[in-house]
Amino acid sequence: MLKAALRRIGFWMFLGLVISIKTQAQTKWRLDSLDAEKIPVTSKSKVLTRWINQGLGSIRKSAPDTATPASQAAMINAKSETPYQAYEGRTIRNIIITNHDFEQKVSEGSNKIVATGARLMNAVHTNTKEWVIKNNLFIREGSELSPYKIADNERYLRTINFIQDARIVVHPIAGNNDSVDVEVITKDVFTLGAGMAVGSLRNANASVSDANFLGMGQKIEVRALIDQDRWPRIGHGIFYSKNSIGGSFINGTLGYVTFNPSMADGRAEEHAYYVQLDRPLVSPYSYLTGGLFFGQKVSRNHYGRPDSQFYQYRNISFDGWAGINIGCEKLLKNQAVRDRRFLSARYAKSDFDKVPGQIGDAYYGGFNNMQLALGQITFFRQDYYKTNYIYGFGVTEDIPYGYNISLIGGWTKQLKLERPYAGFRAEKYTVTSGGTFYQHFLRSGGFLNHKKMEDVSILAGSSVITKLMTYRKMKVRQYFGVSYARLFNKFTNDWLRINNPFGLRDFNDWYPGGYQRISLQSETSMFTNYMFLGFKFAPFVSLNASLLTPDKTVLHKSDIYTGIGGGVRTRNENLVFNTVEIRGIFFPRRAEGQPMFKLNLTTNLRYRYNSNYITRPDFVYVNAE
C-alpha cells in the first residue's frame, strides 16, 4: 500500500502540470454533481511535450478498422443472453476474476493504450481488487447458470463508474457436461483526475479526484474555489463515495461544500452537506431497491450585499423510498418469464426554518416548505441488446428493449396547500434485427383541489436511432425525435420552456414559457477512426425546432424557434473523464437578450441511454427527462 501511495505522489506531481481548463461566463458547482472531471490539455513546454511524446507517442492515431461492417454488425447487435443459452442449467463450478491492463482489450470496440503510455498508466494505477468485483456479482459458485441472470450481471458491471468494459465468458469443462467455469473479465478506467474551471480573471475553481482509490471501489474528491470578490476568498469541498458496501449493492456518498450556488441567484455562498444511500435494481430478479437522502443547506452572505439583496435561508431535506419485486420467487423458478411487477413508496420533506424575506408566504417552489407521500406500481419487461457507437466511442453499450407502465398516486403539501396527486408513465422500447432503436412514451399527471384538477400536464413523444452505417470509413448514427407537451389549469407548476432536452439546447433559461409545445429534433453523429492521445472524435450536425404557445394565445399565433448546430465530441474511454463537446449553435430567430450565435465548450457531458425502468415514485415533469 505504501508503494501504491508513492506511485500516486509521483503521478500527482506530473498531473499538476497537465490539468483541464474550462472557461465560461458563469461557473456553477452543484452539490448533486459529484463527477466534475475535466479534460486535460497538454502544456506547450518543450520538456513536457517531449516527455509526453516519449510516453504516449505511440497512441496518436488509431489502428485501421480491419473488421468488415458485416462482421461488426454480427458482433455488436445481439441479445445479451444469446452467448449463454447453450449452457443453461449447468452448475457454475468456479468463478474466475480477470482484470485487464490498459494495453489489453476486452472487446473489439474497446479502446486500448499501447507501449510506453500503457506502462505509464499501469505504473500509477491500482487495479480494482478482486473482492470489489465479487461484491458486484449476483451469480454464485454452485448455482445453476441462467443466461438472463449472467447477462444482467455483465451489463451491471459496465454501469460502474470505474469499470470501462466487462465481459463474462463461460468455459465448458472437458468431459463434464453438467458444470462450467465462468470467467469475469473487466478493464478499469484510469481513475485519477484533475480539473480547473475559470470564470474570469478574478475567480476559478479546481478539483482533484480518484474514482477508485487504492482499487477498493471508493471515490475521493477535493474541490476548491478562489474568488477575489468573495470573503473568505477560498471555499472548499470534499466528497467520498463507496461502491456496493459489504457486497450489499448499496452505494454510499458523503459530501460537504462551502461554495455551492445560491438557490436565489447562483452565487457561491451556500454551505451544504449531505448523506446519501442508494440500492439500484441491479437485475430483474432482485428483490429490493431504494434510496435515502439527508442534507442541509445554509446561505451565507460572502459577497457583502445589503439585506434587501441577500436571500437568507436554511433548509433541511429528507427523502427516502423503497420498492419490492412482487412474485420474484416464482419468477426465479422460470427465468424465461421476464414480465415484472414492482411496488414502491416514497416520503420526502423539505423544511425552511429561515425563509428569505423577499419570498415570504408566496407560492414559490424552491423556497416553500413541502411534503410528499407517493406510491407507485410498475409493470415492466426489460431485456437488452449489446451494441456500440450510440453514445460511447466503441465500448460496449447496453440498450434496453421492452415496456414500462407506472401508475402513481399520493398526497402533497406545499405551504398550506394540500392536494392529492395522480399520474402515469408509459414507455415502449423496441429494436430491429439490424440495430435500429425506437422509443415511444406518454406521461401525464395532475392534482385534485376542491373537486377540480390543477397543474395537469401531458408529455408524449417518439424517437429513433438508426442502425450503424458506414460512410468513408466513418461510422454514422442518425437520431430523430418528436415530442408534444401541454399544460391545463396551471397553478403552482412552472410554464413549459424550450431550454431543455425537449426543446432547443442552450436557449435562454429565463425566456417566458407557454402552455403548449411541439418540438422536432435531428442529429447526425459521425464516429471517426482518428485517435490522438487516446481520444476518439465524433463530429455531429443538428437541427432542432420548437413551437411554443404563450398563455392566452391560440395555436396558429405560436412562436417558432429553431437552432442549427454542429461541432465535435471527444472521449478517451480509458479515462474517468466524461465526454467533451464543442458545439456551435445558430438561432435564426432570437428572443430578447438571446445572441444569434453561441459557441459552447462542455467538459463533463454525460451520455448514456436510459436503461433504468425502476425509479423512485415522482411527479411527471415536462421540462426535464
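Residues numbered from 1 in each chain as written. Predicted model: local features only at pLDDT ≥ 70, side-chain atom pairs only at ≥ 80, totals over all residues. Heavy atoms only, no water.

1. Looking at the environment of proline 595
Right, on to step 1. If you trace the backbone, proline 595 turns up in the loop between strand S26 (579–586) and strand S27 (597–605).
Right, on to step 2. Classification of proline 595 as partly exposed rests on a relative accessible area of 31%.
Right, on to step 3. For proline 595 and phenylalanine 507, which are 88 residues apart along the polypeptide, the C-alpha to C-alpha distance reads 9.2 Å.
Right, on to step 4. Residue contacts for proline 595: discarding those within four places in its chain leaves Phe587 and Arg590. (Helix = DSSP H or I, 4+ residues; strand = E, 2+ residues; numbered from the N terminus. Buried < 20%, exposed > 50% of the residue type's maximum accessible area, 1.4 Å probe, protein only. Contact = heavy atoms within 4.5 Å.)

2. A short note on the packing of aromatic side chains
Right, on to step 1. Under the definition given, this model contains 16 aromatic pairs.
Right, on to step 2. With a centroid separation of 6.3 Å and an interplanar angle of 35°, the aromatic rings of tyrosine 311 and phenylalanine 367 are classed as tilted. Of the two residues, tyrosine 311 is situated in the loop between strand S12 (288–299) and strand S13 (314–326) and phenylalanine 367 in the loop between strand S14 (339–354) and strand S15 (370–387); the sequence distance between them amounts to 56 residues.
Right, on to step 3. Look at phenylalanine 367 and you get buried, because its relative accessible area is 3%.
Right, on to step 4. Taken together, Tyr311, Tyr313, Phe352 and Phe367 form an aromatic cluster joined through their ring pairs.
Right, on to step 5. Between the NZ or CZ atom of arginine 267 and the centre of the ring of tyrosine 303, over which it lies, the distance is 5.4 Å.
Right, on to step 6. Over the face of the ring belonging to phenylalanine 441 we find arginine 443, whose NZ or CZ atom lies 4.7 Å from the ring centre. (Phe/Tyr/Trp six-rings, centres within 6.5 Å; stacked < 30°, edge-to-face > 60°. Lys NZ or Arg CZ within 6 Å of the ring centre and 35° of its normal.)

3. Considering the confidence of the model for the protein
Right, on to step 1. Per-residue confidence for the protein gives a mean pLDDT of 81; residues scoring 70 or more make up 80%.
Right, on to step 2. Here residues 9–75 is modelled with pLDDT under 50, and outside its nearest four sequence neighbours on either side it reaches 133 contacts, counting other chains as well. (pLDDT = per-residue confidence, 0-100.)

4. Here's the deal with the pattern of salt bridges
A side chain of one charge can pair with a side chain of the opposite charge when the charged atoms of the two come close.
Right, on to step 1. Applying the stated criterion across every chain yields a total of 27 salt bridges.
Right, on to step 2. Between glutamate 154 and arginine 158 there is a salt bridge whose closest N-O contact spans 3.2 Å. Residue glutamate 154 and its partner arginine 158 are both found in helix H6 (residues 147–158); the two are separated by four residues, about one turn of the helix.
Right, on to step 3. Exposure remark for glutamate 154: the relative accessible area of 1% places this residue in the buried category. (Salt bridge = Lys/Arg side-chain N within 4 Å of Asp/Glu carboxyl O.)

5. Notes on a nonpolar patch on the surface
Right, on to step 1. A grouping of Val208, Val222, Ile238, Ile245, Tyr256, Tyr273, Leu277, Leu292, Phe294, Ile316, Phe318 and Tyr347 is seen on the molecular surface, where their side chains present a nonpolar patch of about 950 Å² in accessible area.
Right, on to step 2. Going through the elements one at a time, strand S11 (268–279), S12 and S13 are the ones with two or more residues in the nonpolar patch.
Right, on to step 3. Among the secondary structure elements, leucine 277 is positioned in strand S11.
Right, on to step 4. For leucine 277, a relative accessible area of 36% puts it in the partly exposed group. (Patch = residues over 30% accessible without salt bridge, like charges linked within 9 Å, V, L, I, M, F, W, Y side chains within 5 Å. Areas by Shrake-Rupley, 256 points an atom, 1.4 Å probe, with all protein chains shown as cover.)

6. Considerations on the pairing of strand S8 (residues 218–227)
Right, on to step 1. Strand direction decides the pairing type here: strand S7 (residues 203–210) and S8, joined by eight bridges, are antiparallel. If you follow valine 208 over to S8, its bridge partner there is valine 222.
Right, on to step 2. Sheet analysis places S8 next to strand S9 (residues 234–242), joined by nine bridges and oriented antiparallel. Within S9, the position partnered with glutamate 221 by the bridge is phenylalanine 239.
Right, on to step 3. From the end of S8 to the start of S9, which pair antiparallel, there are six residues. (Pairing = 2+ DSSP bridges.)

7. A short note on the sheet that holds strand S4 (residues 163–173)
Right, on to step 1. Within the open sheet, the three strands sit side by side as S3-S5-S4. Their pairing is mixed. Two strands close off the open sheet at either side, each with one partner strand: strand S3 (91–100) and S4. Neighbour to neighbour, the strand axes of the sheet diverge by 20° on average, direction disregarded.
Right, on to step 2. Pairing geometry for S4 and strand S5 (residues 176–188), over 10 bridges, is antiparallel. Bridge pairing links valine 170 to valine 182 in S5. (Axes fitted to C-alpha atoms, helices over the stretch in contact; angles between N-to-C directions.)

8. Side note on the side chain of serine 344
Right, on to step 1. Examined against the element boundaries, serine 344 turns out to sit in strand S14.
Right, on to step 2. With residues near it in sequence (within four places) discarded, serine 344 still touches Trp321, Ala322, Gly323, Leu374, Gly375, Gln376 and Pro617.

9. Section: the nonpolar core
Across soluble globular proteins, you tend to see nonpolar side chains buried next to one another.
Right, on to step 1. Leu145, Ile150, Val182 and Val184 are the most contacted members of the largest nonpolar core, which totals 26 residues.
Right, on to step 2. Breaking this core down by element, the ones donating at least two residues are S3, helix H5 (130–134), H6, S4 and S5.
Right, on to step 3. Ignoring anything within four residues of it in the chain, the contact list for leucine 145 reads Tyr84, Tyr87, Glu88, Gly89, Arg90, Ile92, Ile150, Val170, Val180 and Val182.
Right, on to step 4. In this structure, Leu487, Leu496, Leu504 and Leu548 belong to the second largest nonpolar core, which totals 16 residues. (Core = buried A, V, L, I, M, F, W, Y, C linked by side-chain atoms within 4.5 Å.)

10. Topic: the environment of glycine 446
Right, on to step 1. Within the secondary structure, glycine 446 is located in strand S18 (residues 437–449).
Right, on to step 2. Among the residues examined, glycine 446 registers a relative accessible area of 2% and is labelled buried.
Right, on to step 3. It is 9.7 Å that separates the C-alpha atoms of glycine 446 and lysine 490, two residues lying 44 residues apart in sequence.
Right, on to step 4. Once residues lying within four places of it in the same chain are set aside, the contact partners of glycine 446 are Pro420, Tyr421, Ala422, Met453, Glu454, Asp455 and Val456.

11. Some words on unusual backbone geometry
Right, on to step 1. Between tryptophan 231 and proline 232 the backbone carries a cis peptide bond, its omega angle lying at 0°.
Right, on to step 2. Residue position: proline 232 is located in the loop between S8 and S9.
Right, on to step 3. Phi is positive for tyrosine 389, close to 60°, though the residue is something other than glycine.
Right, on to step 4. Mapped onto the elements, tyrosine 389 comes out in the loop between S15 and strand S16 (397–414).
Right, on to step 5. Look at tyrosine 389 and you get buried, because its relative accessible area is 11%.
Right, on to step 6. One non-glycine residue, lysine 473, lies in positive phi territory at about 65°.

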